[in-house]
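One-letter residues, chain by chain:
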Amino acid sequence: MRVKKMNDYFTSQIAACAVEEKRLVGQERKDEAVFAKIRGNVFDIFRTVLAAGVKAVGEEKAVDFLREKLDAIPQSWQTAKAQAETHGQVEKAHIEGVKLDAVREIRETLREIWREEA
């Protein structure tokens, strides 16, 4: 049930990001639309990671697999953000921040879902 709830969460976030992206494009706010698309991509990445975890280790241990990837994957994003900030690359730093914010939200939701069924 927990895996289904996480999948539902990912699906709803991906859909919300797509709606937001479309709205922003319609308002000719293309830069912000790109950020919404990137955010949606992060949710899609981790939805795929969860599915891979279920296949590799089963539903019960998939949460541990997801947690490991939630630590490992964003490390390069954190490094890229720090480097961009050092070099004054504001847009690049913001993009990495968007990714990291999405990861924080995923972690919080994961904790909530696993706590409520514990």
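These remarks concern the structure in this document. Note that the structure is predicted; figures quoted are calculated from it, not measured. (Residues numbered from 1 in each chain as written. Predicted model: local features only at pLDDT ≥ 70, side-chain atom pairs only at ≥ 80, totals over all residues. Heavy atoms only, no water.)

### Examining the side chain of Lys99
For Lys99, the position within the fold is in helix 4 (residues 90-116). Discounting residues that sit within four places of it in the chain, Lys99 has contacts with Ile38, Val42 and Trp77. (Helix = DSSP H or I, 4+ residues; strand = E, 2+ residues; numbered from the N terminus. Contact = heavy atoms within 4.5 Å.)

### Concerning the packing of helix 1 (residues 2-26) against helix 2 (residues 30-57)
Two elements in contact, helix 1 and helix 2, have axes whose closest approach is 8 Å; the angle formed by their N-to-C orientations is 160°. The angle between helix 1 and helix 2 falls in the class roughly antiparallel. By crossing handedness, the relation of helix 1 to helix 2 is classed as left-handed. Considering only residue class, the contact of helix 1 with helix 2 consists of 14 nonpolar, four polar and seven charged. (Axes fitted to C-alpha atoms, helices over the stretch in contact; angles between N-to-C directions. Parallel < 35°, antiparallel > 145°, perpendicular 65-115°, else oblique. Left-handed = near helix turned anticlockwise from the far one by under 90°. Nonpolar A, V, L, I, M, F, W, Y, C, P; charged D, E, K, R; others polar.)

### As for the packing of aromatic side chains
On inspection of all chains with the given rule, the structure shows three aromatic pairs. For the ring pair Tyr9 and Phe10, a centre distance of 5.6 Å and an interplane angle of 50° mean the geometry is tilted. A ring pair is formed by Tyr9 and Phe43, whose centres lie 5.8 Å apart and whose planes are at 85°; its orientation type is edge-to-face. Of this pair, Tyr9 sits in helix 1 while Phe43 is found in helix 2, placing the two residues 34 residues apart along the sequence. Here Tyr9 and Phe43 have matching classes, each one buried. (Phe/Tyr/Trp six-rings, centres within 6.5 Å; stacked < 30°, edge-to-face > 60°. Buried < 20%, exposed > 50% of the residue type's maximum accessible area, 1.4 Å probe, protein only.)

### Points about the nonpolar core
Residues Met6, Phe10, Phe43, Phe46, Leu66 and Ile106 are the most contacted members of the largest nonpolar core, which totals 23 residues. Of all elements in the fold, only helix 1, helix 2, helix 3 (59-86) and helix 4 reach the threshold of two or more residues within this core. With seven residues, helix 4 is the single largest residue contributor to this core. In this structure Phe46 touches Phe10, Leu66, Lys69, Leu70, Ile73, Pro74, Trp77, Val103 and Ile106, once residues within four positions along its chain are discounted. (Core = buried A, V, L, I, M, F, W, Y, C linked by side-chain atoms within 4.5 Å.)

### Structural notes on the pattern of salt bridges
Counted by the stated rule, this structure contains eleven salt bridges. Between Asp64 and Arg67 there is a salt bridge, and its shortest N-O distance comes to 3.7 Å. One end of the pair, Asp64, and the other, Arg67, are both in helix 3, three residues apart, so they sit about a helical turn from each other. Owing to a relative accessible area of 39%, Asp64 belongs among the partly exposed residues under this scheme. The partly exposed category is assigned to Arg67, whose relative accessible area is 35%. (Salt bridge = Lys/Arg side-chain N within 4 Å of Asp/Glu carboxyl O.)

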